[in-house]
Amino acid sequence: MEVLNTSGRRKTSVARVYMTSGQGNITINDRDIKEYFASEVLQTIVNQPFKTLDAIGKYDVRVNVKGGGTSGQAEAIRLAIAKALITENAESRPALKKEGFLTRDPRMVERKKFGRAKARRSFQFSKR
C-alpha cells in the first residue's frame, strides 16, 4: 500500500494525514497520540473511523495538525483519516457516512463587528 495523503478541517484546525499499512502507530506532530492528546476522549475521537471498520492496528498514521484547540484538532484528524480510508477502499464509504465521519462541521466563530463588544453583544447602555 502506498502512502495515502488527505486533509481534514474543523473550526480553525487543519490536519494533514499520511497513512500507510503498519502496526497501528499514530504520530501527531512528531509525538505519540497518548502524549499529544492526554485526554482519553480525544484519543477515542481520532480512532473512531478505525473502530467503525474494525481496522484498529492495520495502519500507521502520521499527522501534521495546526490551528484551533485540542477538540477541533481531534475532529479534523478524524475527518482526514475517514477520507483516507475511503481513498484506500471505496466500499467503506457507507459505514463511515452513516456515523457522520465524512461531514465537515461548518460551525466557525463569528467575526467581531464594529460598534459591538463581541460578535453580537452590544456595549453596556447607560441612560444617564
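Residues numbered from 1 in each chain as written. Predicted model: local features only at pLDDT ≥ 70, side-chain atom pairs only at ≥ 80, totals over all residues. Heavy atoms only, no water.

Looking up the protein in an unreviewed UniProt entry gives the name Small ribosomal subunit protein uS9, with the organism given as Adhaeribacter aerolatus. Turning to the protein, the UniProt annotation filed under Sequence similarities (unreviewed entry) states: "Belongs to the universal ribosomal protein uS9 family." (UniProt positions renumbered as here; feature names shortened; annotations may be inferred.)

Attention now goes to the pattern of salt bridges. Enumeration according to the criterion identifies 6 salt bridges in this entry. Where E75 meets R10, a salt bridge forms, and the shortest distance between an N and an O atom there is 2.9 Å. Within this pair, whereas E75 is found in helix α3 (residues 70-88), its partner R10 is found in strand β1 (residues 4-10), the two being separated by 65 residues in sequence. R10 gets classed as buried once you look at its relative accessible area, which sits at 8%. Across the salt bridge formed by E35 and R31, the nearest N and O atoms sit 3.5 Å from each other. On the basis of relative accessible area, R31 is assigned to the partly exposed category, the value being 35%. Three or more residues are tied together by salt bridges with common partners; here these are R10, E75, D105 and R107. (Salt bridge = Lys/Arg side-chain N within 4 Å of Asp/Glu carboxyl O. Helix = DSSP H or I, 4+ residues; strand = E, 2+ residues; numbered from the N terminus. Buried < 20%, exposed > 50% of the residue type's maximum accessible area, 1.4 Å probe, protein only.)

Before going further, it helps to spend a moment on the environment of A76. Mapped onto the fold, A76 is located in helix α3. Residues A76 and N5 lie 71 residues apart in sequence; the distance between their C-alpha atoms is 14 Å. Apart from residues no more than four positions distant in its own chain, A76 is found in contact with G8, R9, R10, S13 and A15. (Contact = heavy atoms within 4.5 Å.)

In this structure, M19, I28, F37, F50, I77 and I81 are the most contacted members of the largest nonpolar core, which totals 30 residues. Of all the elements in the fold, those that place two or more residues in this core are β2 (13-21), β3 (26-28), α1 (33-36), α2 (40-52), β5 (59-66) and α3. With 9 residues, the top contributor of residues to this core is α3. (Core = buried A, V, L, I, M, F, W, Y, C linked by side-chain atoms within 4.5 Å.)

With that settled, consider unusual backbone geometry. For N29, which is not a glycine, the phi torsion comes out positive at approximately 50 degrees. Within the secondary structure, N29 sits in the loop between β3 and β4 (31-32). Unusually for a residue other than glycine, D30 sits at a positive phi of about 60 degrees.

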